[in-house]
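Okay, here's what each chain looks like letter by letter:
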Amino acid sequence: MNKYRRKFLKSLALLLLFLPIRIFPSSSKESVISFKYGVASGDPTNTNVILWTKILPMGNPEIRVRWEVSSSNDFSNLITYGHVRTNSRKDYSVKVDAKIPKQFNGKKIYYRFLADGKNSDIGTTSTLPSENPNNFNIAFCSCSNYPAGYFNAYKEIAKNKKIDLVLHLGDYLYEYGHGGYASKDAEQMGRVVNPKHEMVSLDDYRKRYATYRSDPDLKLLHQTKPMISVWDDHEFTNDSWQKGAQNHSKDEGTFANRKKNALKAYYEWMPIREKGRKDKIWRNFKVGNLINLMMLDTRSYKRDKQLDIERYFTGNKFNKTAYLQDLNKPRKLLGKEQFNWLKSKTDSSFKWSIFGQQILVGPKYLPKILRNVDKVNFPEYLHKYISLAGSEIPYNPDQWDGYPKEREKFYKAIMNSQSNLILAGDSHNSWLSNLFDKKENFIGIEIGAPSISSPNFIDTFGEFTDSLDKSFIDSNKDLIWTNGKNKGYVELNIFSEYVDVKFNFISSVKTKNYKRLKPINFRINQGKALS
Ligand SMILES: [Fe+2]
């Protein structure tokens with residue numbers, strides 16, 4: 001190649017590199033870029049926020065995308081912008097860790113993406129205030145099952161103007177195939193999942209996220225609010241732990257490979273910051289000196305295998321001694337590295353320490369009332385559990401109840417922070433409990449979120465749920481209130497001296513038309529147990 005030709009090619013390459021929006025190789029006539037899945041933002045810190053989008057279709061090996069952040073929705077005043085590339089290895093997902101100038105800290109900002117002459121939707125987000133705000137409002141939720149119902153509760157969060165930040169505590173999606181768990185109404189509601197089989201391969205996980213993210217209410221939620229998410233089991237598969245899961249069998253390949261697929265798809269689709277190892281999801285966020293937020297992984301990183309309570313039944317007879325003996329053996333949930341991190345992050349100078357994590361923390365015992373009811377009203381697999389009702393035998397060893405030694409360690413690690421609020425998802429029902437350690441020291445308040453759409457007690461127990469809720473409170477001394485009837489989300493209005501907790505419920509997930517129910521409100525005063 002002569003030197004003029006080489007020089008020409010080099011200039012051409014440079015020109016291509018600096019064109020503001022460009023597709024490599026040059027866009028073909030058939031290539032139609034679209035931002036079908038909208039936009040999302042997440043993991044806001046005091047300086048940065050993750051901006052996300054995804055491009056369709058994928059006719060090109062690599063796409064260069066421009067991103068813009070503005071203080072106005074007409075983008076006349078750009079705060080910051082840049083370019084980023086995506087390709088088929090990332091499944092054309094786009095993620096930017098945008099640094100937001102100080103003067104816009106904590107303020108509403110607008111963002112969008114541009115490629116191939118097309119614009120994405122405009123999203124709104126903000127960084128977390130570095131100065132102490134008078135008040136900060138968090139919505140938290142979990143267990144959003146697409147085939148089980150419409151995401152009306154997501155729409156409610158998106159429309160709630162007070163909400164500054166959304167925490168998703170996991171079960172953002174479910175792995176089951178069509179016809180599996182919670183899908184009996186899916187066809188009639190037009191909510192059949194893709195793929196129709198259980199998700200196992202990377203392609204399966206990617207397609208399932210695409211199904212969920214086609215939902216207009218979830219799209220709206222991501223477009224309007226920043227989200228901080230952690231996974232629970234169903235982002236992998238049911239009742240997963242570090243090296244396996246209840247719903248994983250050998251014919252589905254190795255669990256390690258399945259976990260790798262699940263992690264890759266999670267990071268492609270969720271507006272979460274990428275840093276080294278994908279499996280270390282625990283992280284910390286601060287709002288002035290009002291809130292120290294710690295997001296934990298009690299599900300996957302170091303969790304030891306759950307005890308299988310079924311093994312302690314012979315027919316309807318339960319071997320209580322053997323069960324309690326095994327339950328009290330040391331079993332890891334957070335693991336050493338996460339514990340050390342947690343200890344280094346707890347800080348008594350914050351007014352509130354909030355722990356976003358997956359599973360219920362406080363002890364939960366089956367209510368006495370189950371002993372006096374007609375079994376025919378319940379599914380047969382529950383009959384033998386009636387013998388545990390009214391006794392102090394934890395019935396769900398997949399929760400912290402299955403890891404009592406680790407729970408005491410957790411309590412010890414967070415004891416020195418001021419006013420602990422421990423948030424939980426996973427159970428599909430709403431809970432509010434005081435937490436005490438074995439020596440009766442007050443540790444904090446646990447708030448369990450209802451599901452967005454996954455079945456809860458009412459879907460199994462029907463009208464009996466009201467009595468069941470009442471009996472749960474009678475049979476669990478630290479439980480203040482519970483609700484197994486409604487789906488929705490929890491709102492926290494956080495002030496320096498108190499937090500108002502609102503359980504926001506909707507009337508139905510089976511129709512798009514629904515009513516907002518009257519919220520159930522509680523006030524938590526700093527450092528005080530609830531009565
Ligand atoms: Fe769930």
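A quick note: this is a predicted structure, and the numbers were derived from the prediction, not measured.

**Concerning the sheet that holds strand β12 (residues 226-229)**
What the 9 strands build is an open sheet, ordered β6-β3-β2-β12-β11-β10-β24-β25-β26; its pairing is mixed. Two strands lie at the open edges of the sheet, namely β6 (93-99) and β26 (520-525), each paired on one side alone. Neighbour to neighbour, the strand axes of the sheet diverge by 25 degrees on average, direction disregarded.

**Side note on unusual backbone geometry**
In this structure, the amide linkage connecting N194 to the following residue, P195, adopts the cis form with an omega of -10 degrees. Positive phi values are uncommon outside glycine, yet Y92 reaches one of about 60 degrees. Phi at H428 is positive, roughly 75 degrees, even though this residue is not glycine.

**Points about the packing of helix α2 (residues 152-159) against helix α5 (residues 216-224)**
The N-to-C vectors of α2 and α5 enclose an angle of 25 degrees; their axes lie 8 Å apart at closest approach. Between α2 and α5, the angle falls in the class roughly parallel. As α2 packs across α5, the resulting crossing turns out to be left-handed. From α2, N152, Y154, K155, I157 and A158 reach across to α5, where they touch D217, L218, L220, L221 and T224. Across the contact of α2 with α5, the residue classes tally to 6 nonpolar, 2 polar and 2 charged.

**As for the domain arrangement of the protein**
Its domain assignment divides the protein into domain 1 (21-127) and domain 2 (128-525). Each of domain 1 and domain 2 has a C-alpha centre, and the two are 31 Å apart. Taken together, the 25 residues of domain 1 in the interface contact 23 residues of domain 2. When residues of the side of domain 1 that touches domain 2 are traced back to their parent elements, those giving at least two are β2 (39-42), β3 (48-54), β6 and β9 (123-125). In terms of residue count, the dominant contributor to the side of domain 1 that touches domain 2 is β2 (4 residues). Residues that form the side of domain 1 that touches domain 2 fall into these classes: 7 nonpolar, 13 polar and 5 charged.

**Observations concerning the pairing of strand β4 (residues 62-70)**
Here β4 runs beside strand β5 (residues 78-87); their pairing, made up of 9 bridges, is antiparallel. Bridged to R66 within β5 is H83. In terms of strand pairing, β4 meets strand β7 (residues 109-115) through 5 bridges, oriented antiparallel. In the sheet register, W67 faces β7, and the bridge partner there is F113.

**Overview of the sheet that holds strand β16 (residues 291-295)**
An order of β15-β16-β19-β20-β22-β21-β23 is seen for the 7 strands of this open sheet, with the pairing classed as mixed. The open sheet is flanked by β15 (283-287) and β23 (479-483), the only strands paired with a single partner. The sheet shows a mean angle of 20 degrees between the axes of neighbouring strands, taken without regard to direction. Note that β15 and β16 share 5 bridges and pair antiparallel. Bridge pairing links V287 to I291 in β16.

The rules behind these values
Residues numbered from 1 in each chain as written. Predicted model: local features only at pLDDT ≥ 70, side-chain atom pairs only at ≥ 80, totals over all residues. Pairing = 2+ DSSP bridges. Helix = DSSP H or I, 4+ residues; strand = E, 2+ residues; numbered from the N terminus. Axes fitted to C-alpha atoms, helices over the stretch in contact; angles between N-to-C directions. Parallel < 35°, antiparallel > 145°, perpendicular 65-115°, else oblique. Left-handed = near helix turned anticlockwise from the far one by under 90°. Contact = placed C-beta atoms within 7 Å. Nonpolar A, V, L, I, M, F, W, Y, C, P; charged D, E, K, R; others polar. Domains from an automatic or database assignment.

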